[in-house]
Amino acid sequence: MSALLEQYKQHAERPHGQALSLPFGAYTQSEALALEHERVFKQDWIFVCSELELPNAGDYFALTLADEPIVILRGSDGVVRALSNVCRHRGTPILDDGFGHINKYMTCPYHAWAYNHEGELAAIPYNNVIAVDKGAHQLHHFHLQSWHSLLFVHCGTPECTLEEKLQGLDEYVTPFDLDNFDKGRPGESEHWSCNWKLAMENAMESYHLFKVHESTLETITPTKQAYYLAGCSEWAVTGGASSASQGFVANLLLDKNNPTHSHYLLISLPPSFVGILSYGTFGWLSAYPTSASHTLIRPGTIGRAKYLKESRSGTSFTKAFFAEDQYICERVQKGMRASHGQGGPLVDMERVVVNFHQYLSSRLFNSQPSEFYEDPQGLEIWG
């Protein structure tokens, strides 16, 4: 193991109370990213999109995950599948990344081999003179599982189900009645000049809100009212008091004594999903590395249609705090190239970042993470 990876391991596996920031090279060196590609993004359940963002047959979301082109497609039979987005002829990506719709066939832009919604090779040009065994040239199917309409893909051979990975999490989100959310709204993808881990660490902790988001998030989800609720290396839940408006009519109906009406939960699902769950809406940021120092950021929201319409998600408010996050993450990335600098201790308000680091250590270096922890003070606040 190289000196960088050894230091990465030593920092990432530290428990809360002894935890340190990761070595700067973990955010800049291709050696670290290559290991993360191989042992994290190709060997775990990775969030891709919500079923509610693909309401109709033929709707799809295509992305490149650790160099693997994948398309999530709702078929004519209503089933959502994860298919390889690479033509079985010469390896050309078939669909462009992002959301879209196909009517009957996915058609390769190179030689027009066409695949149906199930990934079967349905037609090729000049088939009267070209003999191709269509059954032997179907698109590869990836494992795909859903958690409250959120879809996770696995590019390898799963060692556990998604349900097993997220065991215990439902206890905290059930009061929000996620299964009655009925509408999805994709956000506009962005490219940030920072390592994917910086984007994730920033998204999951509330310690920075008072400074980075002084005129945006801090006004409705103040730092001093944030708390840790429960978590482990596989998932973590933090929360906070929220004064975000849900619209005049909605506010008249809200019970302020119900924590789901006056608090939000921040759901962190490593490696690449952080979601803000509030009454009626669930918005998220997902991060996918495109290089050691560049990340694709994909936001989205699901919710009850009436609350989704009235929420601030997708408005200028959301764009404003996303711009603030992008600025600070890109600024931190510049510091990661310092040759005479090193990070310091992670404070109590960054316990969720410790969870994330232990997740990375468990996957990359087979380290044993700390046991599940439920914070008594957080539970008392949550009620």
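Residues numbered from 1 in each chain as written. Predicted model: local features only at pLDDT ≥ 70, side-chain atom pairs only at ≥ 80, totals over all residues. Heavy atoms only, no water.

Caption draft 1: Just the overall build of the chain, in detail. Along its length, the chain carries 12 helices and 19 strands. Against the 2.2 N^0.38 benchmark of 21 Å for 383 residues, the chain shows a C-alpha radius of gyration of 22 Å, consistent with a compact globule. Expressed as lengths along the three principal axes of its C-alpha atoms, the size of the chain is roughly 70 × 60 × 35 Å. Looking at the chain residue by residue over its 383 residues, the buried ones come to 54%. Considering only residue pairs separated by 6 or more positions, the chain has 66% of its internal contacts joining residues 24 or more positions apart. Total accessible area computed for the chain in this model is approximately 17400 Å², and 49% of it derives from carbon and sulfur atoms. One way to put it: in the chain the 28 positive side-chain charges average out to a point 6 Å from where the 43 negative ones average out. (Helix = DSSP H or I, 4+ residues; strand = E, 2+ residues; numbered from the N terminus. Rg over C-alpha atoms; globule rule 2.2 N^0.38 Å. Buried < 20%, exposed > 50% of the residue type's maximum accessible area, 1.4 Å probe, protein only. Contact = heavy atoms within 4.5 Å. Areas by Shrake-Rupley, 256 points an atom, 1.4 Å probe, with all protein chains shown as cover. Lys, Arg positive; Asp, Glu negative; His and termini not counted. Charge placed at Lys NZ, Arg CZ, Asp CG, Glu CD.)

Caption draft 2: Focus on the pattern of salt bridges. Counted by the stated rule, this structure contains 10 salt bridges. Measuring nitrogen to oxygen at the nearest pair gives 2.9 Å for the salt bridge that ties Glu 36 to Lys 197. Here Glu 36 is found in helix H2 (residues 30–41), whereas its partner Lys 197 is found in helix H5 (residues 196–204), with 161 residues between them in sequence. With respect to class, Glu 36 is no different from Lys 197; both count as buried. Residue Arg 81 is joined to Asp 77 by a salt bridge in which the shortest nitrogen-to-oxygen separation is 2.7 Å. Accessibility expressed as a relative area gives 43% for Asp 77, which makes it partly exposed. Within this structure, Asp 44, Lys 165, Glu 234 and Arg 363 form a network of salt bridges that share partners. (Salt bridge = Lys/Arg side-chain N within 4 Å of Asp/Glu carboxyl O.)

Caption draft 3: Seen up close, the layout of surface pockets. The space that makes up the second largest pocket amounts to roughly 550 Å³. Forming the walls of the second largest pocket are 22 residues, and the residues nearest its centre are Glu 201, Asn 202, Glu 205, Val 332 and Glu 350. Residue assignment for the lining of the second largest pocket shows that the elements contributing at least two residues are H5, helix H6 (209–212), helix H10 (316–335) and helix H11 (351–365). Its residues placed into classes, the lining of the second largest pocket shows 13 nonpolar, 5 polar and 4 charged. (1 Å grid on protein atoms, 1.4 Å probe; cavity = no way out; pocket = protein on both sides within 12 Å on 5 of 7 lines; lining within 4 Å. Points joined across faces, edges and corners; volume = space filled by probe spheres on them. Nonpolar A, V, L, I, M, F, W, Y, C, P; charged D, E, K, R; others polar.)

Caption draft 4: Here's a closer look at unusual backbone geometry. A cis amide bond links Pro 270 to the next residue, Pro 271, at an omega of 10°. As for its position among the elements, Pro 271 is in the loop between strand E15 (263–269) and strand E16 (273–278). Its identity is not glycine, yet Tyr 126 carries a phi of approximately 55°, on the positive side. The topology assignment puts Tyr 126 in the loop between strand E8 (121–123) and strand E9 (141–147). One non-glycine residue, His 148, lies in the positive phi region at around 50°.

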